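# Report on the structure
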Amino acid sequence: MRPAIRAARADDQPALVALDELCFGPEAWSTVGWSDEFERLSEDRVILVADEGAVVGYVVLLLPPVVEDVVEVLRIAVAPDERRTGIGGQLMTAALERCAGRTVLLEVALSNESARGLYAGFGFEEISRRRGYYGDGEDAVIMRWRIDE
C-alpha cells in the first residue's frame, strides 16, 4: 500500500519530532524548532507527510511568495524501515509539483549517496559544496533543480 501524501496537521507534530530524531540523531530539530515550523505554515512553510496510518516520512519546504524565484527543501526524511520503497520519491514529486517554474535548492551530506541519487534522478544538479558544514565536519552538497515552464 502506498502512503497518502498530505499536508501536515498540528496533531502530526509529535510524530514528526520523533521521526526527525530517529533519522537525524544529534542533527534533529528540537521540539521548539518544529513548533516554529508549524507556526509559519501559513506564511512560507509547507510540510507534507507520508501517512500509512502513521507518519512514515515528511518534507519541509521554504516556499516564499511567488515573486521570489527560489524554493528550499529544508528537510526530507523517511523512516529507516520504509526506505527504498518509493516514499522519498513520492514526497519529492509532491514537493516539486508545488514549485512549478521556480528554482529549488537543497543541501545533502556528501556521504548520503542514496539521497543524492534520488535527487539526481529528479534532475537536481550539484552546484557547490559547503566545506565542513555539518557538526561532524562533513561537507554539504548544494543541489539545484529548475524546470522550464
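Structure report, in brief. (Residues numbered from 1 in each chain as written. Predicted model: local features only at pLDDT ≥ 70, side-chain atom pairs only at ≥ 80, totals over all residues. Heavy atoms only, no water.)

### Regarding the packing of aromatic side chains
The line we're drawing: For Phe, Tyr and Trp, where Trp contributes only its six-membered ring, two rings pair if their centres lie within 6.5 Å, and the inter-plane angle classes them as stacked under 30 degrees, edge-to-face over 60, or tilted in between. Put simply, a charge is over a ring when the Lys NZ or the Arg CZ is close to the ring centre, within 6 Å, and near the line of the ring normal, within 35 degrees.
This model, assessed by the stated rule, comprises five aromatic pairs. Summarising the aromatic geometry, the rings of Tyr 133 and Tyr 134 are spaced 5.1 Å apart at their centres and angled 85 degrees between planes, so their arrangement reads as edge-to-face. Following the ring pairs from residue to residue traces out a cluster consisting of Trp 29, Trp 34 and Tyr 58. Lying over the aromatic face of Phe 24, Arg 75 brings its terminal NZ or CZ to 3.9 Å of the ring centre. Residue placement shows Arg 130 over the ring face of Tyr 133; its charged tip is 5.3 Å from the ring centre.

### A short note on the pattern of salt bridges
Worth spelling out the cut-off: The working definition used for a salt bridge is a side-chain nitrogen of Lys or Arg within 4 Å of a carboxyl oxygen of Asp or Glu. The helix and strand labels rest on DSSP assignments: H or I over at least four residues marks a helix, E over at least two residues marks a strand, and numbering proceeds from the N terminus.
Under the counting rule described, the total for this entry stands at eleven salt bridges. Across the pair Arg 75 and Asp 20 runs a salt bridge, and its minimum N-O distance is 3.0 Å. With Arg 75 in strand 4 (residues 70-78) and Asp 20 in helix 1 (residues 13-24), this pair connects stretches of sequence that are 55 residues apart. Linked through salt bridges whose partners overlap, the residues forming this network are Glu 37, Arg 40, Asp 44 and Arg 45.

### What about the packing of helix 1 against helix 2 (residues 31-39)?
When two helices pack together, you describe them by how their axes are tilted relative to each other and by the distance separating the axes. Heads up, the condition is: Axis angles are defined between N-to-C directions and span 0 to 180 degrees, where every axis is a line fitted to C-alpha atoms and, for a helix, only to the segment in contact. Oblique is the label for any angle not under 35 degrees, not over 145, and not in the 65 to 115 range, which are roughly parallel, roughly antiparallel and roughly perpendicular in turn. When the near helix sits turned anticlockwise from the far one by under a right angle, the crossing is termed left-handed; a clockwise turn instead gives a right-handed crossing. By definition in these notes, contact holds between two residues if any of their heavy atoms fall within 4.5 Å.
One way to put it is that helix 1 packs onto helix 2 with a least axis distance of 10 Å and a crossing angle of 130 degrees. Of the possible angle classes, the one that applies to helix 1 and helix 2 is oblique. Between helix 1 and helix 2 the crossing geometry is right-handed. Between helix 1 and helix 2, the residues in contact are Gln 13, Leu 16, Val 17 and Asp 20 and Thr 31, Trp 34, Ser 35 and Phe 38, respectively.

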